[in-house]
Amino acid sequence: MDTVTQMALGAAIGEATLGRRVGNKAIVWSAIVAGIPDLDILVPFDDVIKSFTYHRSVTHSLLVLALTTPLVVWLVTRIHPREIHNRNRWLLTIFLAFASHPLLDCFTAYGTQIFWPLPISPVAWSSIFIIDPIYSLPMLVGVICALVMSRETDRGHLISRYGLIVSSIYLGWTVTAKTIAESSFEKALREQNISYAQIFTTPSAFNSLLWRAVARADSAYYEGYYSVFDTGENIRFQRYPSEDALLANLEDHWPVERLKWFTLGFYSISRLQQDIIISDLRMGIEPHYVFRFKVAELDNPHPKPVVPEYLNAVRDWNLLSVIWARIWSESVYLGPRGGRQLDYE
C-alpha cells in the first residue's frame, strides 16, 4: 500500500493499544515504525530485476521485524525514560505496527516476502488496490482526531478506534468481493470451455467493485472483467498470445528465473523489434503493464541474454474514466481498443 496508508494503520494500532496510557507518543512512534519497511526502496541495487524483486523482502520479513522490535523499544525508552514501566506494552505495540506493514502489503498484487529468508513465493492475496481511499480515509481521519483532540476525554481515542474498525471491515469486504469475482470468473471459464493452468484476480484501480482476471494457459493468457453490479453471466474474455518459446534457451538466465518466480507464473513473453520482453501480468491492464523488462535479444541461432532493462510504463489516465464506466455497465469494453463497447451478437 501507499506510505500514508501504512503509517496511518500503524498510528491507529498504536493509539488503540497504548494511546490511553502514553498519549500521542504512541501514535508518532507507531507511524514511524510502520513506514520503516519501505525504506528498502532507497537501497541502490545494481540490477533492475533485483530492485524489483528484492523490494518487500528483508525489511518485510516478519522474522526480521520481530528481531528489530526490541531495538526500537530500547530507543523509545532511552528517549522517554519514564516509558520503561510500559516496556511490555511498547514491545507489543511496536511489533504490531511493524507487522501491520507487510501484512497489509500481502493484500495487494505486488507480492510480499513475509517469510524471508525462507525461499517461499511472495504472498499476494490481491484483494485491494495499492491505493484505495475508502480504506485509508477512515483511519487517517481517526488518527488526526486522536492527535488534535484533548486527552482529557476519550473522544479522539474512540474516533480513531472506530476509524480502524471501519477500515478493517472494508478490507474484509474486499476479500469477500474477490471471492465472489473469482468464483464468477472460474464459472465463466468453464462454461466457455477455456482451458487454463492458473488464474489471478485483482481489483481495478482505486476501487473494489470492478475486478480483473488473468487466466494463464500454454503460450497464451486470457483477460476478463467482472463488476459486482453485473447482472448478466456472460463474462467476455480476450485471448492474447505469449511467445513462451522465445525463452527456450534462457531458462538458466537468472533474470528470467527470478521473474518467473516473483510473478507467480503470471507473465507474458513478447518481442519488441529484436528485444525479448517479460511483462508482469498482475499489475496493469492489457497492454499497459506497470512492470516490463528486456531480458534478452534475438540472435542466430538462439536468443542471447543481456543485462536486464526496465521499460518505462505508458500510463493512459483516460482509462480511469473507462474503468468507472465499466463498473456500472457491462457493455463498456476494457482492452487494447480502449473504451469501445462490445457488440453482443
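For the structure, check the block above.
Residues numbered from 1 in each chain as written. Predicted model: local features only at pLDDT ≥ 70, side-chain atom pairs only at ≥ 80, totals over all residues. Heavy atoms only, no water.

A. Structural view of the overall build of the protein chain. Regarding its fold elements, the protein chain presents nine helices and ten strands. Its C-alpha atoms give the protein chain a radius of gyration of 23 Å, within 12% of the compact-globule value 20 Å for 345 residues. Referenced to the eigenvectors of the C-alpha coordinate spread, the extents of the protein chain come out at roughly 70 × 50 × 30 Å. Side-chain charges in the protein chain split into 30 positive and 33 negative, and the spacing between the mean points of these groups amounts to 8 Å. (Helix = DSSP H or I, 4+ residues; strand = E, 2+ residues; numbered from the N terminus. Rg over C-alpha atoms; globule rule 2.2 N^0.38 Å. Lys, Arg positive; Asp, Glu negative; His and termini not counted. Charge placed at Lys NZ, Arg CZ, Asp CG, Glu CD.)

B. Layout of the environment of Glu182. Within the secondary structure, Glu182 sits in helix 7 (residues 155–191). Along the backbone, Glu182 and Thr68 are 114 residues apart, and their C-alpha atoms lie at a distance of 38 Å. Reaching out from Glu182, the side chain makes a polar contact with the side chain of Thr201 at a distance of 2.6 Å. (Polar contact = N/O pair within 3.5 Å; in protein donor to acceptor, adjacent residues only side chain to side chain.)

C. Expanded view of the nonpolar core. Membership of the largest hydrophobic core comes to 27 residues, with the highest contact counts inside it found for Phe52, Ile276 and Val295. Membership of the second largest hydrophobic core comes to 18 residues, among which are Leu9, Ile13, Tyr135 and Leu171. (Core = buried A, V, L, I, M, F, W, Y, C linked by side-chain atoms within 4.5 Å. Buried < 20%, exposed > 50% of the residue type's maximum accessible area, 1.4 Å probe, protein only.)

D. A look at helix 8 (residues 254–262). Among all positions in helix 8, only Pro255, Val256, Arg258, Leu259 and Phe262 are buried. In a view along the axis of helix 8, the buried residues occupy a sector of 165°, so they form one face of it. Where helix 8 is buried, its residues contact helix 3 (48–54), strand 6 (275–280), strand 9 (292–297) and strand 10 (304–311). Just past helix 8, the residue Leu264 takes up positive phi, approximately 60°. (Arc of directions from axis to C-beta. Contact = heavy atoms within 4.5 Å.)

E. Region of interest: the pattern of salt bridges. For the structure shown, the criterion picks out 14 salt bridges. A salt bridge links Glu243 to Arg271; its shortest N-O distance comes to 3.1 Å. In this pair, Glu243 is assigned in the loop between strand 4 (238–241) and helix 8 and Arg271 in strand 5 (residues 267–272), connecting sequence segments 28 residues apart. For Arg271, a relative accessible area of 47% translates into the label partly exposed. With a shortest N-O distance of 2.8 Å, Glu297 and Lys294 are connected by a salt bridge. The class of Glu297 is partly exposed, set by a relative accessible area of 22%. Residue class for Lys294 comes out buried when judged on its relative accessible area of 7%. Residues participating in the shared-partner salt-bridge network are Asp275, Lys294, Glu297 and Lys304. (Salt bridge = Lys/Arg side-chain N within 4 Å of Asp/Glu carboxyl O.)

F. The side chain of Asp2, seen in detail. Mapped onto the elements, Asp2 comes out in the segment before helix 1 (3–22). Buried Asp2, no salt bridge; nearest opposite-charge side chain is Arg56, N-O distance 9.2 Å. Setting aside anything within four residues of it in sequence, one finds Asp2 in contact with Ile130, Ile131 and Ser136.

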